[in-house]
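Residues per chain are reported as follows:
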Amino acid sequence: MWVSFTLLAASFQTVRFMLQKYLSMDALSAEGATFARFFFSFPFVLLGLWVYVSSGHHVVLDVTFRFWIFATIGGLAQILATVCVVLLFQARNFAVGITFKKTEVVLSVLVGLAVLGEGVSAVGLLAILLGVVGVLLLSKDPAVDGYWWQHLLSRAVALGLSSGGLFAISAVCYRGATLELESDDPILRAGLTLAAVVAWQVVIMTLWLVVRDPEQMRSVWRTRRVGVWVGLTSLGGSFCWFVAFAVQTAAYVKALGQVELIFSILASVLFFKETIRFREVAGMGFLASSILLLIFVI
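Being a predicted model, the structure only gives us computed values, none of them experimental.

Rules of the game
Counting restarts for each chain: residues are numbered from 1 in the order of the written sequence. In keeping with the model being predicted, local features are shown solely for residues with a pLDDT of at least 70 and side-chain atom pairs are shown and tallied solely at 80 or more, while totals for entire chains, interfaces and linings include all residues. Hydrogens and water are ignored here; the side-chain numbers use all heavy atoms of the structure. The numbering of helices and of strands both runs from the N terminus, where a helix is a DSSP run of H or I of at least 4 residues and a strand a run of E of at least 2. Exposure is judged per residue with a 1.4 Å probe applied to protein chains only, and the accessible area is read against the type maximum: over 50% gives exposed, under 20% gives buried, and values in between give partly exposed. Residue contacts follow a heavy-atom distance rule, with two residues in contact if any of their heavy atoms lie within 4.5 Å. What sets the accessible areas is the Shrake-Rupley method with a 1.4 Å probe; for residues, cover comes only from the shown protein chains. A pair of Phe, Tyr and Trp rings is counted when the ring centres sit within 6.5 Å of each other, with Trp represented by its six-membered ring. The angle between the planes then sorts it: under 30 degrees is stacked, over 60 is edge-to-face, the rest tilted. Patch membership needs two things, relative accessible area over 30% and no salt bridge, and members are linked within 9 Å if like-charged or within 5 Å if nonpolar (Val, Leu, Ile, Met, Phe, Trp, Tyr). Think of a salt bridge as a Lys or Arg side-chain nitrogen and an Asp or Glu carboxyl oxygen that are within 4 Å of each other. Using a 1 Å grid laid over the protein atoms alone, points where a 1.4 Å probe fits but cannot get out form a cavity; open sets with protein on both sides within 12 Å along at least 5 of 7 lines form a pocket; any residue with an atom within 4 Å of a point counts as lining. Grid points are joined across faces, edges and corners, and a volume is the space filled by probe spheres set on the points. Basically, the charged four are Asp, Glu, Lys and Arg, the nonpolar ten are Ala, Val, Leu, Ile, Met, Phe, Trp, Tyr, Cys and Pro, and anything else, Gly included, counts as polar.

Description of the overall build of the chain
(1) Moving on: A tally of helices and strands in the chain yields 14 helices and zero strands.
(2) Moving on: Moving toward the C terminus, one meets the helices and strands of the chain in the order α-α-α-α-α-α-α-α-α-α-α-α-α-α.
(3) Moving on: The buried share of the chain, reckoned over its 298 residues, is 54%.
(4) Moving on: When contacts within the chain are restricted to residue pairs at least 6 apart in sequence, long-range pairs at least 24 apart make up 86% of them.
(5) Moving on: Counting only carbon and sulfur atoms, one obtains 71% of the accessible surface of the chain, whose full area is about 13100 Å².

Put into C-alpha cells, the structure is as follows:
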C-alpha cells in the first residue's frame, strides 16, 4: 500500500513543483509561490476530509499534545523547505534542484532515528549512501570556479541541503503526528493530520505576507487559474505522502520517493528546455541506482 501511495505522491509533487517554478519565474516571489501551494489546497483538503468522514468513517477525537507539537514543527519546516526549493529553481535547472532536495532521504534516516527511534537495515543504508554520492557529483555549480569544497559552499548547495534537512524534519514529524492518532484507518489518520498541518501553514504564511509583503497576497490571487492546479496537485501529493508515512518509516518512504528524480529530468528537458550536463547525469545515475537497490531491499 505504501509503495503505491509513495509513487503517486512523487508524481503529484513533480507537477506541483513545475507549476511553482513557473509561477516563481515572473509572477510570484519564492514566498508567494509557497503560499499559493497551501492557500489553494486548503479548501480541497477540508472538502476531501468531510466527504470521507461523511461516508461513515469515524473521526478520531482523542488528539494528544504531542500530535500538535509534531504537526506544528513539521508544518513550519515544510514551509521553509519549500521556499528553499523555489529559490533553488532560480539558481539551477529544475532537475538539479529536485536532486539536491533528495538529500532529505539520508537526513530522514538520521532524524527518524533521533526522534522516533526508527532505523534502516545495513543494505538500506548503503542504498541511501549511493544517493549521497550522487548529490556530491551534482554539487558542482557552473557559476562557481575553484576547488571542490568551494562548490559545496555555494548558494545552490546551501539551499539544496537546507531544503533536504527541513523536508526530512517535516517528514519525520508528520509520521510522528499520524502515530499519535489512535485509529486503524491510515486514510483517516493521514487526512486529519494533513488538515491540521495545512490550516496552521495557511495561518502562519498569511500573517507573514500581510506584514512583510502584502502585494504578494494580491499577486497570488491574480494567479489563481494556475494556483488552483498548484493546490490540487499539492493536495494529491501531500495526502499520498501522509498515507505512506502512516504505514511505513519516513526514511523508506522518502527513499522510494527518489523516483521523483526521473520525472524531474523529463520535466526539465521537455517543458523547461533546460540542458543537463554529463556530471549531472552521472549524479542522477547514482541516485537512480539508490532507488533500484532500495526497491529490491524493501
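Looking at the packing of aromatic side chains
(1) Moving on: Under the counting rule described, the total for this entry stands at six aromatic pairs.
(2) Moving on: Ring geometry for Tyr 174 against Phe 242: centres 4.6 Å apart, planes inclined by 35 degrees, an arrangement best described as tilted. On the criterion of sequence distance, the pair formed by Tyr 174 in helix H8 (residues 155-179) and Phe 242 in helix H11 (residues 224-247) is long-range, its members being 68 residues apart. Accessibility classification places Tyr 174 together with Phe 242 in one group, the buried group.
(3) Moving on: Seen in terms of ring centroids, Trp 241 and Phe 245 are 6.3 Å apart; in terms of plane orientation they differ by 15 degrees. Their pairing is stacked.

Topic: a nonpolar patch on the surface
(1) Moving on: Where nonpolar side chains cluster on the molecular surface, the patch consists of Ile 262, Leu 266, Val 269, Leu 270 and Phe 271 and spans about 500 Å² of accessible area.
(2) Moving on: By secondary structure assignment, the location of Val 269 is in helix H13 (residues 260-270).

A few points about the layout of surface pockets
(1) Moving on: Of the voids in this model, the largest pocket is the one considered here, and its volume is about 190 Å³.
(2) Moving on: Contributing to the lining of the largest pocket are Glu 31, Leu 76, Ile 79, Leu 80, Val 83, Ile 204, Met 205, Leu 207 and Trp 208.
(3) Moving on: Elements with a minimum of two residues in the lining of the largest pocket: helix H3 (65-91) and helix H9 (186-212).
(4) Moving on: By volume, the second largest pocket is sized at about 150 Å³.
(5) Moving on: Put simply, the parts of the chain that give the lining of the second largest pocket at least two residues each are helix H2 (30-54), H9 and H11.
(6) Moving on: Among the elements that take part in the lining of the second largest pocket, H2 stands out by supplying five residues, more than any other.
(7) Moving on: Looking at the lining of the second largest pocket residue by residue, the class counts come to eight nonpolar, three polar and no charged.

Points about empty space enclosed by the protein
(1) Moving on: This model, assessed by the stated rule, comprises three cavities of 30 Å³ or more.
(2) Moving on: The space that makes up the largest cavity amounts to roughly 80 Å³.
(3) Moving on: Lining the largest cavity, in full, are Gln 13, Arg 37, Gln 78, Phe 167, Ser 170, Ala 171, Tyr 174, Ser 238, Trp 241, Phe 242, Phe 245 and Lys 254.
(4) Moving on: Among the elements of the structure, H8 and H11 are those that each provide at least two residues to the lining of the largest cavity.
(5) Moving on: Of the residues in the lining of the largest cavity, the class split is six nonpolar, four polar and two charged.

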